[in-house]
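# Secondary and tertiary structure notes
Below, each chain spelled out in residue letters.
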Amino acid sequence: MEYLFKIFRYDPLEDEHPYFQDFFFETKEKKSLLEALMEIRNEQDSTLAFRYSCREAICGSCAMVFNGNFDLACRIELQALESSTIVIEPLPNLEIQKDLVVDMEPFWEALSQIKPYLYPDKKIQEEGHRIEEKEMEKIFQYINCIMCGCCYSVCPVVSRDERYLGAAALAKLYRFVKDPRDKRPFSHLLGVNTEGGVWGCDTIFKCNEVCPKEVRPADGIEALRRKLVVEKIKRIFGFRR
Amino acid sequence: MISQDILVVGGGLAGLAAALSCDPRLNVAVVSKVHPLRSHSVAAQGGINAALGNNPEGRDDNWEKHAFDTIKGSDYLADQDIAEVMCQKAVSTIYELEYLGVPFSRFPGGFIAQRPFGGAGFPRTCYAADRTGLVILHTLFEQSIKKQVKFYNEWLVTKLVVKDGKCLGVVVYDLATGQIMPVKARAVIFATGGYGRVYSRTTNAYINHGSGIGIAYKAGVPLKDMEFVQFHPTSLLGKNILITEGARGEGGYLVNNKGKRFMDDYAPSAMELAPRDIVARAIQTEVDKENGFDKQYIHLDLRHIGEEKIKKRLPGIREICINFAGIDPVDTPIPVQPAQHYSMGGIDVNEKCASLVEGFFAAGECACLGVHGANRLGGNSLLDTAVFGKISGDEASVYVKGSEGTESSEKILLEEALEVKARIEEWEKRSSGKRVHRLLDRLKVVMSERVGIFRKKKDLTEALAKISELKEDYERVYLSGKCLRYSQELVNLIEFDSMLDLAEVITLGALNREETRGSHYRLDFKERNDKVWLKHTLATWKEGKPQISYAGVNISKYKPEARKY
């Protein structure tokens, strides 16, 4: 089978504009998109830049856009694609460093803003928390996140509002809020009670659609909204714990 | 020039554990060739061992029994004092990780769940379904955000700079800018992981070239026990993605083409949960006897475990099978074959993770403290990274506070960086020559075919000859793409130097060791020989080649005996 790869190329230090370069790729064996890209790089143009590591959809390195779909290149099988022409682009909403390599810094910065770590109960440091599995199950959906950035890149709010933290960071926050061990004070959630936080979301759920790990990050955003509203009401009526 | 008190190289579990335990008053940074969350630790699945005694069948477990299993599993090549340190610290390490936020799976009552694993007398492997590495790495990364650890991501260390037996820093290649730079550091901790990609069949990530180990070797630090290479029994046919030992811990069967649970013939009492070296050899033997499928694989059958348990305890395995093999283990057996998985050997360090170079430390898979001996038990590597990562950070801090800087170090570092630059310029100038990815492909085949699970003198000798041919070819490599920014070709060119050294040291150690022990199986010397070979192999880079010597094993409590399962 022969494929035509149209790959986005851009070196901000050399090129005035981005462009697409054609590569022909022939294979008889089953190959992943990532394997095809590696072969194209090795055999046709070794300056082609892209990220990868685990090749098993767990490290989150190789997120990119192919024929308009957001996914991890390692888990896409060429033979499963409907078209023999494959257009490959870098993740949008992030600045291009070279070809398919984007600057993930704003994504990581958003993550660090939500204080993405457990606020444990200090009294139990020695023997750890004792929590039933069914309590922990509430966060399982969210701990599957591998921080690949697909949700951040597909989000129309991220593209128009630079304050918006994006789905991955907000879902991570909910992962902690929902963790039965977390003792985060309610006041620490007020930082996302903003347009840059949970109220920025357009609720068009593109993030849920593209997530390769089925995290459904927008569920977390919606749950945070509910929590913020309910807690506010409780406080207004004096039900404060 | 960037200058750090402590520079940790590697952002996987050992590296992050090290960085988090360094004295916060010191100026610490982590250098990693990928973003820390892209490290190979993230792919660890089945769990982490500690004798918590939470499983109803593990009530009588304790750290001494864990240590004994580790030592027996090592085929008695483990240094017993150090194995004891690891197992003794295991329990508090798990509670610490839990306290930091690791979402371990639970038993009723809210206790951390534990499953049976290979070579263990009790079910002592703590887990978070089958994504234990992912959740621990993410937790430690989250802690690094909390503690504001400084990261230099996508920097590849190309050289460890040592002068008069003292570590001065490193030289790095910054992928984003294409620059070669010296970094001054009073102490350097390597936590650079394994070298799986030296083999063609490996469970390791593409990034696992093992260059950290090779760089330390070239800087004069000995490598220990490198011939002991772990082959994991069950990797997914084709891509060789890991299928956790936890799948057998949860009750999975290994079945040959006659429908027989063949482990009965190899380890009648432990069956599928014998240590990895034994199970990997059993599978390969079945395949070689034509009891496998397509002359390549056997079946890992989980169907009897049931859909509910598979979805709950092994969701990641199910996802991998669906994504990468197009099968659902709920109703189809998984095609598996052995693949390189782990390096028991590595940079020779003592119980403080310190090497013979002052100020140079190592932890995790790249290091060899002698804990795993000739065969590592499943669930002990995550433990190793957490325990010894922490010790390396503590000890490097102690060292830095009691040492003085070297005055001339900046000048030496600059010179070393220029040397690296000159080498790259030479590759850049050439307009033709050998392509490094082709050499790498050749090396992998040599290692898989001749230095694999079953070894013999003829193969090993031939492998050494082929490795030296490759070394000659490496002298004629060139850089075909002339842009140095984000050049994976340059990364490969730099790291291949180490890969050749590692291949040579592994093969030479294997050739010399005329016995069978743990993962090292010699078809021409099938017995363990304690009289001659109960000793560690050390390989030191001297005058352009490895010099082999040997060192004693610490045997304190447990006298070597026959290893039966």
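Scoring rules and cut-offs
Residues numbered from 1 in each chain as written. Chains lettered and ligands numbered in written order. Predicted model: local features only at pLDDT ≥ 70, side-chain atom pairs only at ≥ 80, totals over all residues. Heavy atoms only, no water. Helix = DSSP H or I, 4+ residues; strand = E, 2+ residues; numbered from the N terminus. Rg over C-alpha atoms; globule rule 2.2 N^0.38 Å. Buried < 20%, exposed > 50% of the residue type's maximum accessible area, 1.4 Å probe, protein only. Contact = heavy atoms within 4.5 Å. Expected span 1.5 Å × (residues − 1). Arc of directions from axis to C-beta. Phe/Tyr/Trp six-rings, centres within 6.5 Å; stacked < 30°, edge-to-face > 60°. Lys NZ or Arg CZ within 6 Å of the ring centre and 35° of its normal. Salt bridge = Lys/Arg side-chain N within 4 Å of Asp/Glu carboxyl O. Polar contact = N/O pair within 3.5 Å; in protein donor to acceptor, adjacent residues only side chain to side chain. Pairing = 2+ DSSP bridges. Domains from an automatic or database assignment. Buried area = accessible area lost by both parts, 1.4 Å probe. Nonpolar A, V, L, I, M, F, W, Y, C, P; charged D, E, K, R; others polar.

The subject of this paragraph is the overall build of chain B. Across its full length, chain B carries 15 helices and 23 strands. At 22 Å, chain B has a C-alpha radius of gyration in line with the 24 Å of a compact globule built from 565 residues. By the burial criterion, 68% of the 565 residues in chain B qualify as buried. Considering only contacts in chain B between residues 6 or more positions apart, those separated by 24 or more positions represent 73%.

Now for helix α13 (residues 457-474) of chain B. All names here are of chain B. With 18 residues, α13 should cover 26 Å at 1.5 Å per step; its first-to-last C-alpha distance of 25 Å lies within 8% of that length. Within the sequence span of α13, burial applies to Asp459, Leu460, Ala463, Ile467, Leu470, Asp473 and Tyr474. Mapping the buried residues of α13 onto a view down its axis gives an arc of 125°, with all of them on the same face. Of the residues in α13, the exposed ones pointing more than 90 degrees away from the buried face are Lys458 and Glu472.

Here we take up the packing of aromatic side chains. Under the counting rule described, the total for this entry stands at 22 aromatic pairs over all chains. Arranged with centres 5.5 Å apart and planes meeting at 90°, the rings of Tyr52 of chain A and Tyr206 of chain B form a pair that is edge-to-face. Here Tyr206 of chain B lies in the loop between β11 (179-190) and α5 (211-218) and Tyr52 of chain A lies in the loop between α1 (33-43) and β3 (63-66), a pairing that spans two chains. Among the aromatic residues, those joined into a cluster by ring pairs are Phe107, Trp108 and Tyr152 of chain A together with Phe141 and Phe151 of chain B. Taking the ring centre of Trp541 of chain B as reference, the NZ or CZ of Lys218 of chain B above it sits at 4.5 Å. One cation-aromatic arrangement involves Lys535 of chain B over Tyr550 of chain B; the distance from NZ or CZ to the ring centre is 4.5 Å.

This brings us to the pattern of salt bridges. All names here are of chain B. By the definition in use, this model includes 73 salt bridges over all chains. Taking the shortest distance from any N to any O, the salt bridge between Asp69 and Arg124 comes out at 2.9 Å. Within this pair, whereas Asp69 is found in helix α2 (residues 63-73), its partner Arg124 is found in the loop between β6 (114-115) and β7 (125-126), the two being separated by 55 residues in sequence. Arg124 shares its class with Asp69; the two are buried.

Attention now moves to the environment of Lys6 of chain A. Residues and elements named next belong to chain A. One can find Lys6 in strand β1 (residues 2-9). Between the alpha carbons of Lys6 and Phe20 there is a distance of 5.7 Å; along the sequence they are 14 residues apart. If we skip the residues at most four places from it in the chain, Lys6 touches Phe20, Gln21, Asp22, Thr85, Ile86, Val87 and Ile88. A polar contact is formed between the side chain of Lys6 and the side chain of Asp22, at a distance of 3.1 Å.

With mixed pairing, five strands are arranged side by side in an open sheet as β19-β17-β12-β22-β23 (chain B). Sheet topology places β19 (367-368) and β23 (545-552) of chain B at the edges, where each strand pairs with a single neighbour.

This next bit is on the domain arrangement of chain A. Residues and elements named next belong to chain A. Domain annotation of chain A identifies domain 1 (2-102) and domain 2 (105-236). Put simply, the middle of domain 1 and the middle of domain 2, counted by C-alpha atoms, are 30 Å apart. With 13 residues of domain 1 in contact, the opposing surface of domain 2 contributes 15 residues. Together domain 1 and domain 2 conceal approximately 1,100 Å² of surface at their shared face, both sides included; 63% is due to carbon and sulfur atoms. Of all residues in domain 1, Phe70, Asn93 and Leu94 bury the most surface against domain 2, accounting for 49% of the area lost on that side. Between domain 1 and domain 2 we count zero salt bridges in total. For the interface between domain 1 and domain 2, the tally reads six residue pairs in polar contact (both at pLDDT 80 or more). Take the side of domain 1 that touches domain 2: its biggest share by element is three residues, from strand β4 (residues 69-72). For the side of domain 1 that touches domain 2, the class distribution of residues is nine nonpolar, two polar and two charged.

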